[in-house]
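# Per-entry structural report
Given next are the chains, with one letter for each unit.
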Number of protein chains: 2
Amino acid sequence: MYEGPVQDLIDELGRLPGIGPKSAQRIAFHLLSAEPADVTRLQEVLQRVKEGVVFCDVCGNVSEEPTCRICRDVRRDPRVVCVVEEPKDVPAVERTREFRGRYHVLGGALDPLSGVGPDQLRIRELLARIGSSVDGVEVNEVIIATDPNTEGEATATYLIRMLRDFPGLTVTRLASGLPMGGDLEFADELTLGRALSGRRTV
Amino acid sequence: MYEGPVQDLIDELGRLPGIGPKSAQRIAFHLLSAEPADVTRLQEVLQRVKEGVVFCDVCGNVSEEPTCRICRDVRRDPRVVCVVEEPKDVPAVERTREFRGRYHVLGGALDPLSGVGPDQLRIRELLARIGSSVDGVEVNEVIIATDPNTEGEATATYLIRMLRDFPGLTVTRLASGLPMGGDLEFADELTLGRALSGRRTV
């Protein structure tokens, strides 16, 4: 449609997830008229990402230093570990302001059809972390917070099997049920079923 | 929310038009796990855009060479010039496959409140182009195809005033009316009014 670098930029932007041809065009023309310094900043940050993001050697979250901010924070309870699939799940839990423990990022969920088995996830690191005491403090609760979908459920089931033999360890899972602000009428039967079977005495 | 380059990338992406925090995060994690070659391609194309996109010295459209592909195409009628606001309007008209003339890109629309007057647009170039014959061929029709909004209408009115004194030049405008596939019931009164006043004998 266009000539030269403009079309190339539109094509490259269009390859990014969630950016359609219209958005790609809009962003390309924005960058075309943007200050060179703005474009340079975007280039530089792409360079830094390409040179490698550091992952925390304790929890596996994206990090600036070898050990991430949360794992270094002495105010965070090291006895409670919340297991999530991806780094982006950490801010989601953090936003609740309900959790003051540490995290463990698996790096995905079990999905044998796509070739993701237990060895592709950071499960071995999780077991090692639970088995060893750090500064005389042992993990006494693991909260499994995988996604409520097929792969996440399979991963949770696998983790529960691996973790139940640790003495003195409580394994918990996030509650399933009706989302807040939702409408009972529009809840799918699986969610409503979970909400029923997980009902609590008040 | 995140540490290090990941958050910087999310911030930079979030500055682009139409990309909210969620999309920025999604794209950042996509780039994080993308092949380095893909990121390099995006960097390179940003570099090429920053080094300067060439604008056609005849019509003002984005171009690879000093004169753009359409202005070089001898099969395109040089006697008919379609005046549009932005380079992105050119592919919009091209997609109709109804137009076989040339273009003139103004580079915006009159907007005195934002400091865009006639001198900020390529109006002088348009007048020079109409006034001079190229290879003995003169422009005999100018189609004004500015946006149907306040600024576009003001620009059209200004252009009509500047162009009406050229001898032998027909100045036309795109028809206003009901959009195809639309619903008469939902047309706004301005559009419906235009459709009425522009009604044609069948």
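Everything quoted here is computed from the prediction, not taken from an experiment.

## Considerations on helix α3 (residues 36–50) of chain A
Under the 1.5 Å per step criterion, the end-to-end length of α3 of chain A is 21 Å for 15 residues, consistent within 8% with the ideal 21 Å. Where α3 of chain A is buried, its residues meet α2 (21–33) of chain A together with α1 (5–14), α2 (21–32) and α3 (36–50) of chain B.

## Some words on the sheet that holds strand β6 (residues 170–173) of chain B
Residues and elements named next belong to chain B. Judged by pairing direction, the sheet is parallel, and its 4 strands sit side by side in the order β4-β3-β5-β6 without closing on themselves. The strands lining the two open edges of the sheet, one partner per strand, are β4 (101–105) and β6. For this sheet the average axis-to-axis angle between neighbouring strands, irrespective of direction, equals 25°. Judged from the 4 bridges that link them, strand β3 (residues 77–84) and strand β5 (residues 141–144) form a sheet pairing that is parallel. Looking at β5, one finds that V83 is bridged to I144. Contacts between helix α6 (residues 123–131) and the sheet are confined to β3, β4 and β5, with β4 contributing the most and set at about 150° to the helix. The sheet strands contacting helix α7 (residues 150–163) are β3, β5 and β6, and the helix crosses β6 at an angle near 170°.

## Observations concerning the packing of aromatic side chains
Inspection of every chain in the model, using the stated rule, returns 4 aromatic pairs over all chains. Between F99 of chain A and Y103 of chain A, the ring centres sit 5.2 Å apart and the planes meet at 65°, which makes this aromatic pair edge-to-face. Across this residue pair, the class does not change: F99 of chain A and Y103 of chain A are buried. The interplanar angle of 65° and the centroid separation of 5.3 Å between the aromatic rings of Y2 of chain B and F29 of chain B together place this pair among those described as edge-to-face.

## Topic: the domain arrangement of chain A
Domain annotation for chain A reports domain 1 (5–40) and domain 2 (55–173). Each of domain 1 of chain A and domain 2 of chain A has a C-alpha centre, and the two are 37 Å apart.

## Focus: the environment of F186 of chain A
Among the secondary structure elements, F186 of chain A is positioned in the loop between β6 (170–173) and α8 (189–197). Along the backbone, F186 of chain A and P118 of chain A are 68 residues apart, and their C-alpha atoms lie at a distance of 36 Å.

## Let's talk about the sheet that holds strand β3 (residues 77–84) of chain A
Either a parallel or an antiparallel arrangement is found when strands of a sheet pair, and the pairing is made through backbone hydrogen bonds. All names here are of chain A. With parallel pairing, the 4 strands of this open sheet are ordered in space as β4-β3-β5-β6. The outermost strands of the open sheet, each flanked by one partner alone, are β4 (101–105) and β6. Pairs of neighbouring strands in the sheet enclose a mean axial angle of 25°, with direction left out of account. On top of the sheet, helix α6 (residues 123–131) reaches β3, β4 and β5 (141–144); it is set at about 150° to β4, its chief contact. Sitting on the sheet, helix α7 (residues 150–163) is in contact with β3, β5 and β6, with an inclination near 170° to β6.

## Notes on the pairing of β5 of chain B
With 4 bridges connecting them, β5 of chain B and β6 of chain B associate as parallel partners. Looking at the pairing, I144 of chain B lines up with R173 of chain B of β6 of chain B.

## Here we look at the relation of the copies chain A and chain B
With an RMSD of 0.1 Å, chain A superimposes on chain B once it is rotated by 180° and translated 0.0 Å along the axis. Taken together, these values place the two copies in the relation of a two-fold axis. Taking C-alpha positions as reference, the residue of chain A nearest the rotation axis is Q43 of chain A, located at 2.7 Å.

## Examining the packing of α6 of chain A against α7 of chain A
All names here are of chain A. Orientation of α6 relative to α7, taken along the N-to-C sense of each, is 35°, at an axis distance of 11 Å. As α6 packs across α7, the resulting crossing turns out to be right-handed. Contacts between α6 and α7 involve I123, L126, L127 and I130 from the first element and Y158, L159, M162 and L163 from the second. Among the residues making up the contact of α6 with α7, the classes are represented as 8 nonpolar, no polar and no charged.

## Re the nonpolar core
Nonpolar side chains tend toward joint burial in soluble globular proteins. If you look at the biggest cluster of nonpolar residues, it comprises 40 residues, and the most contacted ones within it are L9, L13 and L31 of chain A together with L9, L13 and L31 of chain B. Mapped by element, the contributors of at least two residues to this core are α1 (5–14), α2 and α3 of chain A together with α1, α2 and α3 of chain B. Not counting residues up to four positions away in its chain, the partners in contact with L31 of chain A are L9, V39 and L42 of chain A together with L16, L46 and V49 of chain B.

## Some words on the pattern of salt bridges
Evaluated as defined, the whole model comprises 24 salt bridges over all chains. Here D8 of chain A makes a salt bridge to R48 of chain B, at a shortest N to O gap of 2.8 Å. Taken together, the residues span two chains, with D8 of chain A in helix α1 and R48 of chain B in helix α3. For R48 of chain B, a relative accessible area of 35% translates into the label partly exposed. Between E65 of chain A and R72 of chain A there is a salt bridge whose closest N-O contact spans 3.9 Å. Each of E12 and R15 of chain A together with D38 and R41 of chain B takes part in salt bridges that share partners, so that together they form one network.

## Some remarks on the packing of α1 of chain A against α3 of chain B
At their nearest, the axes of α1 of chain A and α3 of chain B sit 9 Å apart, and the two run at 150° to each other. In terms of their interaxial angle, α1 of chain A and α3 of chain B are classed as roughly antiparallel. Where α1 of chain A crosses over α3 of chain B, the two elements pack in a sense that is left-handed. Note on element contacts: α3 of chain B touches α1 of chain A through D38, R41, L42, V45, L46, R48 and V49 of chain B, opposite P5, D8, L9, E12 and L13 of chain A. Class assignment of the residues belonging to the contact of α1 of chain A with α3 of chain B gives a composition of 7 nonpolar, no polar and 5 charged.

Here is what the cut-offs are and how they apply
Numbering of residues starts from 1 in each chain and follows the order in which that chain's sequence is written. Whichever chain is written first becomes A and whichever ligand is written first becomes 1, with later ones labelled in order. Reporting in this predicted model follows two pLDDT cut-offs: at least 70 for local features of residues, and 80 or more for side-chain atom pairs to be given and counted; totals over whole chains, interfaces and linings ignore these cut-offs and use all residues. Each side-chain value is derived from all of the structure's non-hydrogen atoms; neither hydrogens nor water enter the calculation. Secondary structure is summarised from DSSP: a helix means a run of H or I of at least four residues, a strand means a run of E of at least two, and numbering begins at the N terminus for each. Take the residue count of a helix, subtract one, and multiply by 1.5 Å to get its expected span. By the convention used here, residues are in contact when the closest approach between their heavy atoms is within 4.5 Å. Two strands form a pair only when DSSP identifies at least two bridges running between them. Here, axes are lines fitted to C-alpha atoms. For helices the fit covers the stretch in contact, and angles between N-to-C directions go from 0 to 180 degrees. Classification of ring pairs uses Phe, Tyr and Trp, with its six-membered ring standing for Trp, and accepts pairs whose centres are within 6.5 Å; under 30 degrees between planes counts as stacked, over 60 as edge-to-face, and the remaining range as tilted. Only protein chains enter the accessibility calculation, which uses a 1.4 Å probe; a residue is then buried when its area is under 20% of its type maximum, exposed when over 50%, and partly exposed in between. Residue ranges assigned to the domains are those given by an automatic or database domain assignment. C-alpha atoms of residues with pLDDT of at least 70 in both copies form the basis for the least-squares superposition of the copies. Helix crossings get a hand from a simple test, with the near helix turned counterclockwise from the far one by less than a right angle marking a left-handed crossing and a clockwise turn marking a right-handed one. For this classification, Asp, Glu, Lys and Arg are treated as charged, while Ala, Val, Leu, Ile, Met, Phe, Trp, Tyr, Cys and Pro are nonpolar and the rest, including Gly, are polar. Among buried residues, the Ala, Val, Leu, Ile, Met, Phe, Trp, Tyr and Cys ones that are joined through side-chain atoms within 4.5 Å form a nonpolar core. The term salt bridge refers to a pairing of a side-chain nitrogen on Lys or Arg with a carboxyl oxygen on Asp or Glu at a separation within 4 Å. Working definition: roughly parallel below 35 degrees, roughly antiparallel above 145 degrees, roughly perpendicular at 65 to 115 degrees, and oblique for all remaining angles.

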